Amino acid sequence: MEKEMNILYKFEDNSYEIIQLFSENGPIPSKIITSVYSEFKRPGSPDGLLLSSIDEIGRFVVDLLSETDSPEGYILSIEDYNIGVDSCLDTEQFREIFRRFGTNIQNPDSGNKKKNLFTKFFN
Amino acid sequence: MQLTTPELKEYDSVFPGENWFFYWKTSPALWESKFQEYNDLSPIFIPIYWGLHCEDPDQLDFGTNRPETDLKRLFTLAERYRKEVILILPITPCPFLTNGGLPSYLSRSLMCAEDGRVLTIVDNEKRLNKLFSFYDPRIFQSFRKFTWHLGQFLSQNGFNKEVFGADFGYLKENRFESYFRDYSLTFDKGFHRYLSQIEQSEPEKIEKLKIDKLYEQVLKEDYSSLVKGLYLEAANETIPANWSGVLKFTCLGGAPDDIFSRSFERWESEAQFIKPLLEILVNDIIPSSVLLSKNMKTNVLKKALKDIVSQSLIKTHLNNDLYEEDLHTGYQPQVLFKVFCSDADNLIESTSLKYFFDREYQWMYRIHNQPFHYPQDYEDAEKVHFFFGKNLSLKDFNQILKLFLNGGRIFLDSFQMTQELSRKLNLFITENSIETERINFTSPLLKASLGDGLIVVYDSAKLEEASLMKRVTFWQTMVKFLNLRICKLVIEDGLMYVWKHRGSNTYELNYEEIRRVSFYNPTSYRKKASIGSSQNYAFLKTVDEMSADVKSTPVGIDVDLMPGGSVSIDFGYFE
């Protein structure tokens, strides 16, 4: 289970492109991303993770959170990222950028899941 | 509980990389002891920290007011302890310096990576260094003023130390991208000023831009080269007696995306830096680990850095005749192929040449992006040279023919080669009665040979039309014909290796040279490799075994490496 997911996007040529997608453990496996993105990919669209609106990014992230069993994610635009980075002096502050400047997305399933004996011990 | 005496953290920040000395990171009172402590034989790189010497726009300080800026004392101490010092003057934003090295009063326009993100680099103490655009005209004017004062300071004090300009950069899709390249608004503003200027002087370019939007990229490259040239010219003109040229450096962990992995402890690992280290080597750039913390350089990366960023590698780049003797006694990376192509050219990728090298001759090739020059004492004539006709000038072409006449083996891509050069080649063949052969094999081929000299002309456009498998077969066949004698290695995924060689000494006269293969296992799994026996290689010894097991078998040598393990194996090579 990923703790939380960070998503960085930019707006260009009338679409939103996700340019970074990671958790504190590293990049989200491309297999998972491809599988979730296949629901959103428009036919004939160029390579990359392109979405039509911020709402759609939100829906994509919810699906991704659900797939990776992560409790929450933060989405951040390049512009807000640049503002955030400007005030950071070290990596400790940098790690907080997504939380401080991003939009929080909750995994609707995470609170409802019944914990079995194993998850109680291991999560 | 720690049982050993902890090493002082300060040492790591003062000497953060292989041979770098950061004089501003220690008290001037300790400079003397720091020079005494430095026991590496490589010359010491001392970067000139512009921002430190220029806190105020109207005042430059080389030791008049603050002892930490006293370069005169610094150089005198280096001389006293007979340390060879090389001054490094960044001509691009510098990734390991605050504000990229700029004085704070000039740090106004942040530079951006291609995706629009502000370019921020994590240093060896986990601080963030923001880089600023060198396209800000105020920066250029101040840079010129600073280098003028530096030049005056060096000449007035009689310091004859070499000053190299440093072009810092990172690897982008395995190719060098200078930090000079900027995608910020400051760059765009400058670019539009440039377009207004060329509208008068070269209107045909503007016309072409109106028709072809992609041409904008070409003009942006032109503009970038023009501005970079101004910085270089300024340094060359203002420090004429000491100026020794430009060195390219790539600091591991300094790519725009590295900020993410390097900010999370669970994500950053030394394994992620081994492959980039070898890619840097292939691109003929000096690698540096100054951005990495000491903790990151404990096992396999430490060994790889020690093996690869060696004294002889540094000295090869410094291109100094005084070092020639050292170059023959120290291990040098084994290079069989030299590819000359510009940064903008993708032909090495599109013809699958790089793919072929990476598959069969990994790390045994070098990509040079400057034009080929054939000096009289050219030492690399025995290597196989690759040239792309597309960007060759007549001058370059003459150098290539000179190499051929002196026994060089050459592959020449005729795609988009000018008529003039094609005619020159045909005339050259006829005039010298050179034996030729023409065949068709994936591409039309012309093979011309004279003594040891060989030139194979092919057409990359035809090659690009073929499947990947056909392209690889093409290169396999071409290279097989060259009869290169290398040991066949079979390695498991994730395992890294590199070949090096040195001349044989008086005790090794049976061999032409000694070849060393070093294996590194940066993964968390046990990995195996095997070296097939070859009639030109005689096993000599294993060196620096670390969590590794080497066994001789009837068909070669088996190597077993535990996670983080490494080992080197020496062979005597004879023809």
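Just above, that's the structure.
Asks: For empty space enclosed by the protein, give the residues involved together with the corresponding values.
Replies: Here the idea is plain: a probe the size of a water molecule rolls over the atoms and shows the empty space left. All names here are of chain B. In this structure the tally under the stated criterion is one cavity of 30 Å³ or more. Roughly 70 Å³ of volume is contained in the largest cavity. Together, Ile48, Trp50, Leu89, Pro90, Thr92, Leu97, Gly100, Gly101, Phe134, Phe143 and Phe146 line the largest cavity. Listed by contribution, the elements that provide at least two residues to the lining of the largest cavity are strand E2 (85-90) and helix H5 (137-156). For the lining of the largest cavity, the per-class residue count stands at eight nonpolar, three polar and no charged.

Asks: Could you give an account of helix H6 (residues 185-201) of chain B, naming the residues involved and the relevant values?
Replies: Taking 1.5 Å per residue, 17 residues should reach 24 Å; H6(B) reaches 24 Å between its end C-alpha atoms and fits that length. The N-cap of H6(B), judged by a side-chain oxygen 3.3 Å from the amide nitrogen of B:Thr186 a few residues on, is B:Ser184.

Asks: Can you tell me about unusual backbone geometry, naming the residues and giving the values?
Replies: Residues and elements named next belong to chain B. Positioned with a positive phi, aspartate 284 is a non-glycine residue whose angle comes to about 60 degrees. Mapped onto the elements of the fold, aspartate 284 is located in the loop between helix H10 (271-282) and strand E8 (286-288). The class for aspartate 284 is partly exposed, based on a relative accessible area of 27%.

Asks: Outline the sheet that holds strand E15 (residues 443-450) of chain B, supporting the account with residue identities and numerical values.
Replies: Residues and elements named next belong to chain B. Ordered in space as E11-E10-E12-E13-E16-E15-E14, the seven strands form an open sheet in which the pairing is mixed. At either end of the open sheet lies a strand with only one pairing partner, and these are strand E11 (365-368) and strand E14 (435-441). Strand-to-strand twist of the sheet, defined as the mean angle between neighbouring strand axes without regard to direction, takes the value 15 degrees. Summarising the sheet, strand E13 (residues 409-413) and strand E16 (residues 453-458) pair through five bridges and their orientation is parallel. Directly across from leucine 412, in E16, lies its bridge partner valine 457.

Asks: Explain the pairing of strand E6 (residues 175-178) of chain B to me, and be specific about the residues and the numbers.
Replies: Consecutive residues of a regular strand have side chains that alternate between opposite faces of the sheet. Residues and elements named next belong to chain B. By the alternation rule, side chains of E6 split into Arg175 and Glu177 and Phe176 and Ser178, which are all buried. Alignment of strand E5 (residues 163-172) against E6, held across four bridges, turns out to be antiparallel. Of the residues in E6, the one forming a bridge with glycine 169 is serine 178. Taking the residues that link successive antiparallel strands as the turn, the E5-E6 hairpin has two residues, and the phi of glutamate 173 there is positive, at about 50 degrees.

What counts, and where the lines are drawn
Residues numbered from 1 in each chain as written. Chains lettered and ligands numbered in written order. Predicted model: local features only at pLDDT ≥ 70, side-chain atom pairs only at ≥ 80, totals over all residues. Heavy atoms only, no water. 1 Å grid on protein atoms, 1.4 Å probe; cavity = no way out; pocket = protein on both sides within 12 Å on 5 of 7 lines; lining within 4 Å. Points joined across faces, edges and corners; volume = space filled by probe spheres on them. Helix = DSSP H or I, 4+ residues; strand = E, 2+ residues; numbered from the N terminus. Nonpolar A, V, L, I, M, F, W, Y, C, P; charged D, E, K, R; others polar. Expected span 1.5 Å × (residues − 1). Polar contact = N/O pair within 3.5 Å; in protein donor to acceptor, adjacent residues only side chain to side chain. Buried < 20%, exposed > 50% of the residue type's maximum accessible area, 1.4 Å probe, protein only. Pairing = 2+ DSSP bridges. Axes fitted to C-alpha atoms, helices over the stretch in contact; angles between N-to-C directions.

So, to be careful, I would describe these as geometric facts and stop short of saying anything about function.
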